[in-house]
Amino acid sequence: MNKYYDLYFKKDMVTIYPGEFWASGGEEMISTVLGSCVSIILYDPVSGVGGMNHFMLAKDSGHSAGAAEKTSTPGKFGEYAMGLLVDSMKEKGAVISRCVAKVFGGGNIFSFPENTVAQIGSVNIKFAFDWLEENKIKIVNSDTGGVLPRKIFFDPHSFKVYLKYIKNAQVKDNEFLKDKEIKYFESLEGM
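Everything quoted here is computed from the prediction, not taken from an experiment. (Residues numbered from 1 in each chain as written. Predicted model: local features only at pLDDT ≥ 70, side-chain atom pairs only at ≥ 80, totals over all residues. Heavy atoms only, no water.)

Some details on the side chain of Asn108
Relative to the assigned elements, Asn108 resides in the loop between strand S7 (100-105) and helix H2 (120-134). Taking the relative accessible area as the measure of exposure, Asn108 reaches 17% and is therefore buried. Sequence-distant contacts of Asn108, defined by excluding residues within four places in its chain, comprise Gln119, Gly146 and Val147. (Helix = DSSP H or I, 4+ residues; strand = E, 2+ residues; numbered from the N terminus. Buried < 20%, exposed > 50% of the residue type's maximum accessible area, 1.4 Å probe, protein only. Contact = heavy atoms within 4.5 Å.)

Overview of the pairing of strand S5 (residues 38-44)
For a regular strand, side chains alternate in direction, first toward one face of the sheet and then toward the other. In terms of burial, S5 is largely enclosed, as 7 of its 7 residues are buried. The two faces of S5 match: Val38, Ile40, Leu42 and Asp44 on one face and Ser39, Ile41 and Tyr43 on the other face are all buried. With 6 bridges connecting them, S5 and S7 associate as antiparallel partners. Among the inter-strand pairings, Leu42 is bridged to a residue of S7, identified as Ala101. Both S5 and strand S6 (residues 49-53) contribute to a ladder of 4 bridges, which runs antiparallel. For Tyr43, the partnering residue across the bridge sits in S6 and is Gly50. What sits between S5 and S6 in their antiparallel hairpin is a turn of 4 residues, with Gly48 showing a positive phi close to 75 degrees. (Pairing = 2+ DSSP bridges.)

Next up, the structure:
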């Protein structure tokens, strides 16, 4: 995670990366960049506490249920990321039953065929919507799927989200990232 003062928003900014989360009741904002990853934003309008996570995969297929402590970065899995975010928000005064949600990410940024293991974005989106439904948390906004990466800025003080699509970063970089993501997905098959 990276903390700095953002000159555009004129606020302190906390940038989170895959596997991280942040909750706040203050004036600072939270940002992240999403490809196939998903961020769930929760907000308690009574306490004014909001938070956001950034997870890479829905479930940890390499461990038994409840084994978050065995993995080095449990927040990279949605099944653990939600508990980490909820606990952090509760510590700051949020009551989860009052929360509403926004969901972002899950893009197929390299346009993999739909029937491949590389459809992680779709699996992440389904996990996010299912988890929120199971926990009876109303989704008030979402921007998921598609083929473009997103940069999002969340203001927990106002519950506003600012979204920017990242259009065609350099093609050479995209090919490098695509190869890297394919190798990562192939390594998952052995888990």
